[in-house]
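Observations on the model geometry
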Amino acid sequence: MGTAELRCRAYSHYMQKKDSMLKYIIRRLIHLVPVLLGVTLIVFTLTYISPGNPARMMLPQDSTDEQVAELEKAMGLDEPFVMQYFHFLFGYDGPGDSFDYKGLWALDLGRSYVSNRPVFGTILERFPNTMLLTFLALVLSIVISIPFGIISATRQYTKTDMAVTIAALIGISMPAFWLGMMLIWVFSVNLRWFPSLANPANLKSIILPALTLAAMNTAVQTRMTRSSMLEVVRQDYIRTARAKGVDERNVIYRHALRNALIPVVTVIGLQVGQLLVGAVLTETVFSYPGIGTIMVDAIQRKDTPQILASVVFVALVFALVNLGVDILYAFIDPRIKAQYIGVVRKKGGLLNGAKI
Amino acid sequence: MEQKYKGEFAEFWKRYRRNRLAVVGLALIGLYVILALGADLLYSYDFITGNQIPNAFSGIASFAEVEDGGTVRRHLYLLGADNFGRDVAGRIIHGARVSLIIGFVTVAFAVVIGGSLGAVAGYYGRRLETVIMRGADILLAIPNILFALAIVAALGPSFRNLLLAIGITSLPVYVRLVRASVMTVKDQEYVEAARAQGASDFRIILIHIIPNCMAPVIVQATLGIAQSILSAASLSFLGLGIQPPSPEWGNMLSEARSYIISAPHTLIFPGLAIMTVILAYNLIGDGLRDALDPKLKR
Amino acid sequence: MPDIQLSIRDLRVHYVTEEEDVKAVNGISLDIERGQSLGLVGETGAGKTTTALSILKLLPKPTGQIASGSIMFKGKDLALASEEEMRKIRGNEISMIFQDPMTSLNPIFTVGDQIAEVIALHTTISAQEALKRAGDMLELVGIPRGRSNEFPHQFSGGMKQRVVIAIALACNPSLLLADEPTTALDVTIQAQVLAMIHDLKTRMKTSLLLISHDLGVVAQVCDTVAIMYAGKIVEHGPLAKVYEKPLHPYTEGLFGSIPVLHEKKKRLKPIQGLMPNPADLPGGCVFHPRCPYAQGPCSTTVPRVTEKGDRKVLCLMYEGIIENRMGVADV
Ligand SMILES: Nc1ncnc2c1ncn2[C@@H]1O[C@H](COP(=O)(O)OP(=O)(O)OP(=O)(O)O)[C@@H](O)[C@H]1O
Ligand SMILES: [Mg+2]
C-alpha cells in the first residue's frame, strides 16, 4: 500500500478516536442527568419537610396568621410539593414580582431572607474564593504527597518509610477543623507568623487554611502513591524494563511512576470534590469568605433559599468535578480508552489483516 | 462445627496480630470503651455539665475546691478546666461515650439497611436492582458531610437527627459492597444446591450469601465508624450536632475556640481524643483488611 | 576447543525471607557454546526461572541472592559484575523472554516505543532511527509495522509474545534466555513462535537457553538438554542421546509422564509424589524419596557428577555406590 493511503487511514483512525471520545463524554453527561435530578430532589425535599415556616420568619414577631398565609401565597409556599419542586427547577412567577425567580437551571433561586440579595449572586461572588483555597490545597497536597509516596516506596521498611507512613496515618485521622485551630495556636498565636483570619486578598493569610485543607488529602495520596508504587514495581513489565538495561532511575520514573500514578490520579480526582466540601469547615475555622461560610451562616440564620442554593451548588460542582476527572482519566489510561475505542481497534485490525 | 470456628478464629487472630499497629488500635479502642463504660463512676454527669465558675480555666493537673452533688471536695483537674470550670478530662470521657455510641449506631444502621438493600438488589436483579442502585448512586453523588449537614439543617439539631443524618449518608457504600459480593456468590454451586433443595430466598440470602460477603463489610464498617465519629464531631463543631452543655468532642472544640489564647488546653485535648479514636479505628480497619484478605493468606 | 559463550559453575541461589530460606538453585554448572541451544527442563518449582534471572542478575530484591558460584560471560564473572556493567549487558548482549507475555509489556507505552527503547539504550542512533528499526523488528516477527503505534492491550497474546521476542532480539544479543516462551500460547501459535525462535537463532547466530517443562518443545529447538530437579541439574547431554536413553531415574520418569503414542513401553507411568519443598530439602540425593530405584545410601550420600562421554549425570548408580537397576548399560 502507498504512503498516501497509509496516512489517510491513520487520519481517519485518529478522527474516529476523537469522535468516540466525544460520544463517551456525551454518554457520561446523559448519565449525570438523573443523578443530578435526584440530588436536587433530595435537597429540595429536605427543605420542604423542615419544620420552620419561612413566611413567618420573614415577618415581624407579632404578625397575624392571615398575614403569614398571604405571604405564603405570594411566595408560592401554599402550592403542592410537586409544583414547588418544579418551580425550584424551572422558576416561579408569583402574583407579585418580589418573589419571582428563574429556577435552578438559570442559577436563580430568589433572594436571601436575611440580606435580601439574590442567593446565587452571593454564591457566585464568593465561589472564586473557595476555588482559590481549594486549588492551593490541591497543589500543596500533590506537591507534598507524590514525592513522599515515592520516597517511602523506594525505601520500603527504612526509617524514612516508617516516618512517612506514621505521618500519613496521623494525617488521615486528624479532624481538619482541629488541625486548623492547632495551626492557628502555633503559628498565629504563639509564633505570630501568619494571621489567624484569612481573606483572599492576602495570599499569606491563606497558607494556613490551605495547609489545613490539604492535610487529609496529602495523607491519603501519600499512602496511595506508596502502595500503588510498590504494587507496580512488582509487575512483570518492570522486570522487562530492567532486562532491557534501563537504569534504576528510569525504571522508577519512566516505567513505574506513570503506571503507579494512574490510580493516584483517580484518587486525587475524587479528592478534588472532597476538598471543595472540606472547605466548608476550614473556611469556618479561618473565617474565610467562601461558600462554606455562606452555608454555615445561612444554616445558623435558617435562611432557607441560601441554604438550598449553596448545598445544591456545591453538590453540582462536586458531581461535575468528578465527571471531569473521569474523562481526564480516560485520556491518561489507554486501557480505559480501549473500552470505548474498542470498535475502532477491531476495524483497524480487519484492515490490517486484509492488506497485502 | 464449633471447633472449626475456633480454629478459624485462632488462624485469623494469628494473622491480625502480625500487624502491630492494628493491635495498638485495638488496645486504644479497648481503653476508650472501658473509660466510656466507667465514665459515671469517674465523674458524675451533673458535675461535668454543671458550672464551677470560680475554677474556670484551671490549669492542667491543678487542684481546686468544687461542689459535687451537694458536697464540697478537693478535685484534681487532670486536664484542666474549661470556661465554666468544668473538668476537661471528665467531659472527654463522657464525650467518648457519645462518640462510640454514634459510631456504632450509625454504622449498624447503615450496614443492616444498606446491606439488606444490596443483598436484595444483587439477588433479584432486574427492576428492583435498577431502582436500588440508582438510589445509591444519587446518595453517593452528594458528599457525605454536606448531605448530613443538609439533613440536620432541615430537621433541626438533635441527637436523633444527627444519628439519622450520619446513618443515611453512610448507607450507599454498603449497598454497593453487598450487592457486588452477592452477585459473585449467588451463582456458585452450593447456592444452586440449596436452591435445588427448595430453600427459600430469604434463607438462601441469610445463610448462604451474607456470611460469604462479611469480610469486606467488616473492614468497611470499621473504617465507617471512624468516618461517622468524624462527621458527628464536625457537625457538632458547626453547632448542628450535640448541643452544649452535653459533653461532645466537637462541641467542646467549638466552645474552646474562643479561648485559644487564654486556655489552649481546652482545645488540645478534645482534638487529641478525636484523633486517637479515629486513628485507632483506621489501624484496626487496615489490620482487618490484611487479616481477612484471602489473597494474603499463606 | 569449543567456543564457550556462557559458563556457569556451582551456582547457588537462595530466596531469604523472614520465615524461611528457600534454596532454589543448589550448585548447578552449565556451558553454552556460541550458536548452540540448551534446553533446561524440569517440573514447576525446579529453579529454572531463578537460574535465568540470576544470569541477568534480575533476582527480586532483597530476597533473591546469589549465594556462591560464578557466571562467566565473555571473560567476565557476572556474579561479581556491578549494576552498571550489568545494565550494559542486559537487553544488549544477553536478553530474556519472560514466562508470561500478557503482563510483560508496559501498558502505557506503544509497542513501537517499547522496542525502540532497548535499541536507543544500547546504540547511539537517533530516536527517529530507533523507531524505524523497531518497525523492522516488528516485521521480522511477523507483525505489520503499521501497528507499532498501538498499545499492548490492542494485541492478542501471541502478538504480545512476538513483541516480547522482538524486544529481546532487537540488539542482536549473543545470548537469549527464553523462559517458557510458548506456554501461554495456544498450540498453533506455539509452533509458529518456536519455529520463529529457531529461525532467528540460526540467522543471528545467537546462543539460546530455552526453559521449558515440555520435552516436546525442547526437542524442536535444542541441541543439548539439561534436566533440572529441586535446584540441581540431574542430567545433561546431547538432546538425541538423552531422549533416546535417559540415564537418570528422574529423566526416565519425565519421559514416562508423557504418553508415547506409537510405542508401547512399560514405563508409561507418571512420577510418584511431589517435588520437595526447596526450603526443606531431603538429605542425600534430593530425588530419593520419589525414586523407584532408591536404595539405602541414597538418603545419606550426596551424589556427585559422573561424566559419561559427552553426558553428565547426578546419580549414585553411576558412581558405583549402589547397584544400577535401570537396565542401562554403559553408553
Ligand atoms: N521471590 C521469591 N521468594 C521466595 N521464593 C521464591 C521466589 N521466587 C521463586 N521462589 C521459589 O524458588 C523455587 C524455584 O522457583 P522458580 O521460579 O525458579 O521455578 P521454575 O522452575 O521457573 O518453575 P515454573 O516452571 O513454575 O516457572 C520455587 O520453590 C519457588 O517457590
Ligand atoms: Mg519459571
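Above this text is the structure in question.
What comes next is a walk through the structure. (Residues numbered from 1 in each chain as written. Chains lettered and ligands numbered in written order. Predicted model: local features only at pLDDT ≥ 70, side-chain atom pairs only at ≥ 80, totals over all residues. Heavy atoms only, no water.)

A few words on the coordination of the magnesium ion (ligand 2). The protein atoms donating to the magnesium ion (ligand 2) are C:Thr49 (OG1) and C:Gln99 (OE1), with metal-donor distances spanning 1.8 to 2.6 Å. You can see C:Thr49 sitting in helix α1 (residues 48-55) and its partner C:Gln99 sitting in the loop between β6 (94-97) and α3 (111-122), a full 50 residues away along the chain. (Donors = N, O, S within 2.8 Å, 3.2 Å for Na, K, Ca; no water. Helix = DSSP H or I, 4+ residues; strand = E, 2+ residues; numbered from the N terminus.)

With that settled, consider the site of ligand 1. All names here are of chain C. As a matter of local geometry, ligand 1 sits amid 16 residues, with Thr44, Lys48, Thr49, Thr50 and Gln99 nearest to it. Within the side chain of Gln99, one N or O atom sits 2.7 Å away from an oxygen atom of ligand 1. Relative to its unbound accessible area of 630 Å², ligand 1 is 71% covered by the protein chains. Listed by contribution, the elements that provide at least two residues to the shell around ligand 1 are β2 (21-33) and α1. Of all the elements, α1 adds the most residues to the shell around ligand 1, at 3 residues. Per-class residue counts for the shell around ligand 1 are 6 nonpolar, 7 polar and 3 charged. (Near = heavy atom within 4 Å. Polar contact = N/O pair within 3.5 Å; in protein donor to acceptor, adjacent residues only side chain to side chain. Areas by Shrake-Rupley, 256 points an atom, 1.4 Å probe, with all protein chains shown as cover. Nonpolar A, V, L, I, M, F, W, Y, C, P; charged D, E, K, R; others polar.)

With that settled, consider the interface of chain B and chain A. The interface is formed by 39 residues belonging to chain B together with 38 residues belonging to chain A. Here chain B packs against chain A, burying approximately 3,500 Å² in sum over the two surfaces, 84% of which is carbon and sulfur. Sorting the residues of chain B by area buried against chain A places B:Leu146, B:Leu238 and B:Met275 first, and these three jointly supply 16% of that buried surface. Here B:Asp286 and A:Arg223 are joined by a salt bridge, their closest N and O atoms 3.0 Å apart. Scanning the region where chain B abuts chain A turns up 6 residue pairs in polar contact (both at pLDDT 80 or more). Of all elements in the fold, only α6 (126-141), α7 (144-155), α11 (214-237) and α13 (265-292) of chain B reach the threshold of two or more residues within the side of chain B that touches chain A. (Contact = heavy atoms within 4.5 Å. Buried area = accessible area lost by both parts, 1.4 Å probe. Salt bridge = Lys/Arg side-chain N within 4 Å of Asp/Glu carboxyl O.)

Moving on: the packing of helix α10 (residues 248-286) of chain A against helix α11 (residues 291-300) of chain A. Residue and element names in this part refer to chain A. The contact between α10 and α11 brings their axes to 7 Å, and the two run at 80 degrees. When the interaxial angle is binned, α10 and α11 end up roughly perpendicular. Counting all contacts with α10, which are made through Val280, Glu283 and Thr284, the residues of α11 involved are Ile291, Gly292, Thr293, Met295 and Val296. (Axes fitted to C-alpha atoms, helices over the stretch in contact; angles between N-to-C directions. Parallel < 35°, antiparallel > 145°, perpendicular 65-115°, else oblique.)

Interpretation in functional terms is not warranted from these geometric data alone.
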